[in-house]
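Below, each chain spelled out in residue letters.
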Amino acid sequence: MTAPLVRFEAVTKRFGAETAVDDVTLEIAEGEFFALLGPSGCGKTTLMRLLAGFETPDAGRIRLAGEDVTDMPPHRRPAHMMFQAYALFPHLTVAQNVAFGLKAQGRPKREIAVRVEEMLALVRLEGLGGRKPDELSGGQKQRVALARALAPAPRILLLDEPMAALDRKLREETQFELKRLQAALGLTFLIVTHDRDEAMVVGDRLAVMRDGRIVQVGTPAELYERPAGRFVAGFLGEVNLIGEIGVRPERMRLSRAEPAAANRLAGTVTEVGYLGDRTIYGVETTAGAMRVAQPTGGGERAQVGEAVWLSYPADAAMRLGR
Ligand SMILES: Nc1ncnc2c1ncn2[C@@H]1O[C@H](COP(=O)(O)OP(=O)(O)OP(=O)(O)O)[C@@H](O)[C@H]1O
Ligand SMILES: [Mg+2]
């Protein structure tokens, strides 16, 4: 196995009495798209700033590309951070914005011009190099920021909520665009988001953080289908709790006839919400209120007030503990 590109070793960062990052050990492989997920204030940005060199840990070491970078200044690290608010330089053209990091590196003019064209093509902004940022749409600005960040060829790109300024439809397009770029370049991306769908769509692996600590690391499917506990289960999606067991709403079946399955609950429909691709049912059962998601074209329909049965297969039961 090759050495990881990034390694946090028991890293702790405090701000006064507050521990923003608490004894974090984490490895990110070369070429991986890694997503950090967690509630506001759990330490995501701080962890990223530690890697970029904008913060120094109180304890622990950080390794990047085989080097201990813990005490290295940001500009010497092969990492580039694109911030939560990715401010473009408003007085510079798109091409000059993209050229910014290359100029700072002292690259020859001709090389810069070629690289800028390459980057604009990569983010599908050919021909727009002469515009100013305020002549671009939100999505286009976001892609200029990405081209600017990628131009100096960092070993790892750190993206802190890169889609926060975009509307939902544009976000979804941009997520696939990011993934396409990352795969095409073979680069390592570390993205911070508090949008669980976004993290699952783009991330090869995710880490869920809470109160400065990493609760669980794994692929989106591992975290969604085998969460380590209630916090991860609830953070990645809806979950019905039946004692120490968790069952996702889409694994619950609703029927009028008593099911043969051993895992079943009798209940009454309290809510019906039609969402197009699926219908959500609220059902009051002997084990408490449950949510069921029935895909359109599959499963039985029911109305508010009807007596129904809920059942789930044994492999849908996630052991979550108390
Ligand atoms: N420079 C600072 N000085 C003091 N406290 C800070 C500083 N930076 C962060 N913190 C605190 O550290 C904790 C973690 O902050 P951080 O910005 O890493 O959270 P986050 O997970 O990125 O949150 P969000 O999703 O809201 O961006 C918070 O409680 C925050 O108030
Ligand atoms: Mg943040």
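Computed from a predicted structure; not experimentally measured.

**Some points on the domain arrangement of the chain**
Size of an interface: often given as the accessible area lost when the parts come together.
Here comes step 1: Structurally, the chain comprises domain 1 (6–225) and domain 2 (240–319).
Here comes step 2: When each unit is reduced to the centre of its C-alpha atoms, the spacing between domain 1 and domain 2 is 40 Å.

**Some points on unusual backbone geometry**
Here comes step 1: The phi torsion at E161 lies on the positive side, around 50°, for a residue other than glycine.
Here comes step 2: Inspection of the secondary structure puts E161 in the loop between β7 (156–160) and α5 (168–185).
Here comes step 3: Since its relative accessible area comes to 7%, E161 is described here as buried.
Here comes step 4: One non-glycine residue, D211, lies in positive phi territory at about 50°.
Here comes step 5: Assignment of secondary structure puts D211 in the loop between β9 (205–210) and β10 (213–218).
Here comes step 6: The exposure class assigned to D211 is exposed, which follows from its relative accessible area of 59%.

**Notes on the site of ligand 1**
Here comes step 1: Neighbouring ligand 1 are 13 residues, the closest being E18, S40, K44, T45 and T46.
Here comes step 2: Backbone polar atom of G41 to an oxygen atom of ligand 1: 2.8 Å apart, as the coordinates give it.
Here comes step 3: K44 is positioned such that a nitrogen or oxygen atom in its side chain is 2.8 Å from an oxygen atom of ligand 1.
Here comes step 4: Coverage of ligand 1 by the protein amounts to 64% of the 630 Å² it exposes when considered alone.
Here comes step 5: Taken together, the elements giving at least two residues each to the shell around ligand 1 come down to β2 (18–28) and α1 (44–52).
Here comes step 6: When residues of the shell around ligand 1 are assigned to their parent elements, the largest contribution, three residues, is made by α1.
Here comes step 7: Grouping the amino acids of the shell around ligand 1 by side-chain chemistry returns four nonpolar, seven polar and two charged.

**Brief notes about the sheet that holds strand β13 (residues 253–255)**
Here comes step 1: The sheet built from five strands is open, its strands ordered β13-β17-β14-β15-β16 with antiparallel pairing. Looking at the sheet topology across the chains shown, the edges are occupied by β13 and β16 (288–295). The average angle at which neighbouring strand axes cross in this sheet is 45°, direction not considered.
Here comes step 2: Where β13 meets strand β17 (residues 307–311), three bridges bridge the pair, whose relative direction is antiparallel. Opposite R253, over in β17, you have S311 as the bridge partner.

**Looking at the packing of helix α2 (residues 94–104) against helix α3 (residues 109–122)**
How two helices sit against one another is set out by the angle between their axes and by the gap between those axes.
Here comes step 1: In the contact formed by α2 and α3, the axes pass within 9 Å of each other and the chain directions differ by 120°. On the basis of their axis angle, the class for α2 and α3 is oblique. Considering how the two elements wind past one another, α2 and α3 form a crossing that is right-handed. Two secondary-structure elements touch here, α2 through V94, A95, V98, A99, L102 and K103 and α3 through I112, R115, V116, M119 and L120.
Here comes step 2: Tallied by class, the residues present in the contact of α2 with α3 amount to nine nonpolar, no polar and two charged.

**Quick notes on the sheet that holds strand β12 (residues 245–247)**
Here comes step 1: Spatially, three strands are ordered β11-β12-β18 in an open sheet, and the strand pairing comes out antiparallel. What marks the edges here is a single partner per strand, and that holds for β11 (240–242) and β18 (318–319).
Here comes step 2: Both β11 and β12 contribute to a ladder of three bridges, which runs antiparallel. For I242, the partnering residue across the bridge sits in β12 and is I245.

**Let's talk about the packing of aromatic side chains**
Here comes step 1: In this structure the tally under the stated criterion is three aromatic pairs.
Here comes step 2: Ring geometry for F231 and F235: centres 5.7 Å apart, planes at 25°, overall stacked. One end of the pair is F231 and the other is F235, both in helix α8 (residues 230–236) and four residues apart, which spans about a single turn.
Here comes step 3: Over the face of the ring belonging to F89 we find R148, whose NZ or CZ atom lies 5.0 Å from the ring centre.
Here comes step 4: Positioned above the aromatic ring of Y224 is the side chain of R248, whose terminal nitrogen or guanidinium carbon lies 3.9 Å from the ring centre.

**Focus: the nonpolar core**
Here comes step 1: V98, L146, L150, L159, L178 and F189 are the most contacted members of the largest nonpolar core, which totals 42 residues.
Here comes step 2: In contact with L150, not counting residues within four places along its chain, are R115, M119, L122, L157, L181, L185, L187 and F189.
Here comes step 3: Within the second largest apolar cluster, 28 residues are counted, among which are F34, I62, V69 and I156.

Cut-offs applied
- Residues numbered from 1 in each chain as written.
- Chains lettered and ligands numbered in written order.
- Predicted model: local features only at pLDDT ≥ 70, side-chain atom pairs only at ≥ 80, totals over all residues.
- Heavy atoms only, no water.
- Domains from an automatic or database assignment.
- Helix = DSSP H or I, 4+ residues; strand = E, 2+ residues; numbered from the N terminus.
- Buried < 20%, exposed > 50% of the residue type's maximum accessible area, 1.4 Å probe, protein only.
- Near = heavy atom within 4 Å.
- Polar contact = N/O pair within 3.5 Å; in protein donor to acceptor, adjacent residues only side chain to side chain.
- Areas by Shrake-Rupley, 256 points an atom, 1.4 Å probe, with all protein chains shown as cover.
- Nonpolar A, V, L, I, M, F, W, Y, C, P; charged D, E, K, R; others polar.
- Pairing = 2+ DSSP bridges.
- Axes fitted to C-alpha atoms, helices over the stretch in contact; angles between N-to-C directions.
- Parallel < 35°, antiparallel > 145°, perpendicular 65-115°, else oblique.
- Left-handed = near helix turned anticlockwise from the far one by under 90°.
- Contact = heavy atoms within 4.5 Å.
- Phe/Tyr/Trp six-rings, centres within 6.5 Å; stacked < 30°, edge-to-face > 60°.
- Lys NZ or Arg CZ within 6 Å of the ring centre and 35° of its normal.
- Core = buried A, V, L, I, M, F, W, Y, C linked by side-chain atoms within 4.5 Å.

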